[in-house]
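# Report on the structure
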Amino acid sequence: MIVTVVLLALAAACSLFEQNVEVLQTFELRIDQPADAAVQFSVQKDVHTNTEQVQKYANDIDAFVIRKISYKVKDFAGSEAPFVSGTIEFAPSGSNDFTMLSGITGSNLKEMAEQEQESTIVLPDKTVEEKLTELLRMGSPVTFRLNAVTDNNPVAATLVVNIDALMTVEM
C-alpha cells in the first residue's frame, strides 16, 4: 500500500503524462505591383496565432518549439524575370516594433511558382526565435510584413508562409 501511494505521488509530481501536439500556422502575403508602380513595396498581414491547439492546451504547455518556417510562391503573374529582395518581419499586432525574421535575396518568383519550390527560413539568432516562439505560444495576434524591392514590374504573386511548431503539453 505504501509503495502504491509513493508511486502515485511520484506520478503526480513528475511529467509522466506528456503529449506532443503539432501546431501548424499558414498565412499569405499578397504582392500586387502594377507596371507603373514603384519597385519598392511593403505588404503585411495580421495573423491570429491562437489556433485550436493553443487554445485547448493554453494552461498545460510545458514546451513550445518552432521546428521549421518556410515559404512558397503561388498565383504568379507578371513580367518574365521578377526578382524580389527584401525582408520578412514580424511584430505583435498593433505594434511597430518589427523584428527581422529573414532576408530574401534575389528570389525569382516566377521560377519558384513554376517549380513549386519551397524555401526554408533560417532564423537569424536565438533572440528572434524566442520572441516569435513566445508570441505563438501565447496565441497572440502577430503582424507579418514583407518589405521588398522588385527589379521588374508588373508582378503579382502570393507568398505562402508555413510555420511548423511542436508543443509539449502535460496531460
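Now for a description of the structure that goes with this document. Here the residue index of a chain counts from 1 through its sequence in written order. Local features in this predicted model are restricted to residues whose pLDDT is 70 or higher, and side-chain atom pairs enter the listing and the counts only when it is 80 or higher, whereas totals over whole chains, interfaces and linings include all residues. Think of the side-chain values as coming from all heavy atoms in the structure, minus any hydrogens and water.

This part covers the overall build of the protein. Only DSSP runs of H or I with at least four residues qualify as helices, and only runs of E with at least two residues qualify as strands; both kinds are numbered from the N terminus onward. Within the protein one finds four helices and eight strands. Written out in order from the N terminus, the α and β elements of the protein read α-β-β-α-β-β-β-α-β-α-β-β. Restricting the calculation to C-alpha atoms gives the radius of gyration, and the globule rule supplies 2.2 Å times the number of residues raised to the power 0.38. Since a compact globule built from 171 residues should have a radius of gyration of about 16 Å, the 21 Å found for the protein marks it as more spread out than a globular shape. Structurally, the protein occupies a C-alpha span of about 80 × 35 × 25 Å along its principal axes.

Note on pairing: two strands pair once DSSP finds at least 2 bridges between them. Taking strand neighbours across the sheet as the criterion, the four strands line up as β2-β7-β4-β5 in an open arrangement whose pairing is antiparallel. Bordering the open sheet on either side are β2 (40-48) and β5 (99-108), each of which pairs with just one other strand. Each strand axis lies, on average, 20° off the axis of its neighbour in the sheet, ignoring direction. As paired elements, strand β4 (residues 83-92) and β5 share seven bridges and run antiparallel to each other. Bridge pairing in β5 links Thr87 to Gly103. All axes are obtained by fitting lines to C-alpha atoms, using only the stretch in contact for helices, and the reported angles, taken between N-to-C directions, cover 0 to 180 degrees.

Further remarks concern the pairing of strand β7 (residues 141-150). For the exposure calls, accessible area comes from a 1.4 Å probe over protein chains only, and a residue counts as buried if that area is under 20% of its type's maximum, exposed if over 50%, partly exposed in between. Of all 10 residues making up β7, seven are buried, and the element is well covered by its neighbours. Alignment of β2 against β7, held across nine bridges, turns out to be antiparallel. Its bridge partner being in β7, Phe41 is matched across the sheet by Ala148.

This brings us to the sheet that holds strand β1 (residues 18-33). On the basis of which strands lie adjacent, the open sheet formed by four strands has the order β1-β8-β3-β6 and antiparallel pairing. Two strands in the sheet have a free side with no partner beyond their single neighbour: β1 and β6 (119-121). Geometrically, the sheet is characterised by an average inter-axis angle of 25° between neighbouring strands, direction not taken into account. Note on contacts: a residue pair qualifies if any of its non-hydrogen atoms lie within 4.5 Å across the two residues. In this fold helix α4 (residues 126-138) packs onto β3 (61-78) and β8 (155-170), with an angle of close to 95° to the strand it touches most, β3.

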